[in-house]
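# Residue-level structure breakdown
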Amino acid sequence: QVQLVESGGGLVQPGGSLRLSCAASGKIFSISTMGWYRQAPGKQRELVAALTSSEDTNYADSVKGRFTISRDNAKNTVHLQMNSLKPEDTAVYYCKALARTDYRSFWRDYWGQGTQVTVSS
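The following refers to the structure shown. (Residues numbered from 1 in each chain as written. Predicted model: local features only at pLDDT ≥ 70, side-chain atom pairs only at ≥ 80, totals over all residues. Heavy atoms only, no water.)

### Some points on the side chain of Thr 115
Heads up, the rule is: Per the convention used, a helix needs a DSSP run of H or I reaching at least four residues, while a strand needs a run of E reaching at least two, with both numbered from the N terminus. N or O atoms within 3.5 Å of each other form a polar contact, as long as, within protein, one can give a hydrogen and the other can take it, and as long as residues adjacent in sequence are counted only when both atoms are side-chain atoms. A contact between two residues is defined here by any heavy atoms of the two lying within 4.5 Å.
One can find Thr 115 in strand E11 (residues 115–119). A distance of 3.3 Å separates the side chain of Thr 115 from the backbone nitrogen of Gly 9, its partner in a polar contact. If we ignore the near neighbours within four places in the chain, the residues touching Thr 115 are Glu 6, Gly 9, Leu 20, Ala 91, Val 92 and Tyr 93.

Below, the structure is given as structure tokens:
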């Protein structure tokens, strides 16, 4: 199995910044895409940003120009730098990794437990 642990969430004022981190551990043979999703109360979980091993990125339109995703493949870690935060960014942020546990296994998504981000004055 693969475990993902998020950190860095908290309370921040509008216009402020936060940096989220997610570390993958456990039985990991390889990781492909890593990314961040978020879910606000009463809303569906949505993609925030994703990053492949080749540094290709995918951002939600609502965060383009404000958020930056990065990863350290050697450490199986992904980060999300969030700048110019808005109240509508308030949500639980989840880390996701597309990984396999051995060379014969299938690729599947693994999810972290989530970290709360609250943007409020």
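### Some points on the environment of Thr 118
Looking at the element boundaries, Thr 118 is found in strand E11. In this structure, the C-alpha to C-alpha distance between Thr 118 and Gly 9, residues 109 residues apart in sequence, is 8.0 Å. Excluding its chain neighbours within four sequence positions, the residues that come into contact with Thr 118 are Gly 10, Leu 11, Val 12 and Thr 90. Looking at Thr 118, its side chain comes within polar contact range of the side chain of Gln 116, at 3.3 Å.

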